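As a plain string of letters, each chain reads:
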Amino acid sequence: MTERRDGTSSSRNELQDDSAARGFAAVEQALSNRPRGTPDTARPALVADRRVARGDIRVIEPLPWTEGRRRLAVVRRVHAEHGCADVMLAHAWSELATDTDAVIPGTDSGLPYPLVVECYVRGPVWLLQVRKRVGDLDERILEAVGHAVVDGEPADGVPTGLPLAGPTDPRWRFKEDESAELRGLTRDCATTLLDAGQRWPVEPDRLSPATLR
C-alpha cells in the first residue's frame, strides 16, 4: 500500500492502472496531433505501362516453370486474340552483329547504347512474359531494318554486321547460344499455338485399370 497526496492509500495495482491510463492518453494525444495524410483523391494517379505494341523494346522473362534468363527483345507483332507477341531477340554487342542483324543507334531507340536486333532469332512469347518497356523503334526504323536485313540495302543509318565466315567464326557459337535461349523463351507459347485446334489421340488400353501402372 502507498499513501496518496490526499492522505488516502492505494494499492500497487491501482498505481499501475493509473500509469497505463496516462500512457494511453499520451499516445492518443500524439496521434490526434499528427498531420493527416494526403487524401486519396488528391494523390497523383499511378500510370501503368502502356500496352504492348509493335516496335516496343521490352524485357522478356522466362515462364516460372522453365529455365532461362531475362532478355531484351523488339516486339515485331502483337496477337492479342492469342495473348502472345512475335519478338526478335536483341543485345548490346555490336561487334557480334552479322548480316542478319540490324544495328540501331541509341538516338533511334532511346537506349544509351547501340542495339543489335537479331531479325532471324525470333519467335512467339506469351504477353505475360513481356515485361518492362525500355525503349521503342518507330515504323520508319522498323522498315529500315527490313530493307537492311531482308533486301540487303542498309538505309536511314541502320547498318548490319558482316556475314558469318563459317563454323570457325567466333560469332557462329554466339548465334547458336542465342537460338538456344530463344527456344527456351518461346517453347511453351510456340508449342501451344502449334497444338491449337488439333485433337489429341486417346489410347484406350493405356486408360485401362489393368495397365494403369
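This one's a predicted model, so the numbers in the text were calculated from it and none came from an experiment.

Draft legend 1. Spotlight on the pattern of salt bridges. A full pass over the atoms with the stated rule returns 16 salt bridges. Close ionic contact of arginine 71 with glutamate 178 constitutes a salt bridge, the shortest N to O distance being 2.8 Å. With a gap of 107 residues between them, arginine 71 in strand 4 (residues 71-79) and glutamate 178 in helix 4 (residues 170-195) connect regions that are remote in the sequence. You'll find arginine 71 and glutamate 178 in the same group, each marked buried. Aspartate 169 is paired through a salt bridge with arginine 171; the nearest N and O atoms lie 2.7 Å apart. Here aspartate 169 falls in the buried class, since its relative accessible area comes to 10%. Given the relative accessible area of 10%, arginine 171 is considered buried.

Cut-offs and rules
Residues numbered from 1 in each chain as written. Predicted model: local features only at pLDDT ≥ 70, side-chain atom pairs only at ≥ 80, totals over all residues. Heavy atoms only, no water. Salt bridge = Lys/Arg side-chain N within 4 Å of Asp/Glu carboxyl O. Helix = DSSP H or I, 4+ residues; strand = E, 2+ residues; numbered from the N terminus. Buried < 20%, exposed > 50% of the residue type's maximum accessible area, 1.4 Å probe, protein only.

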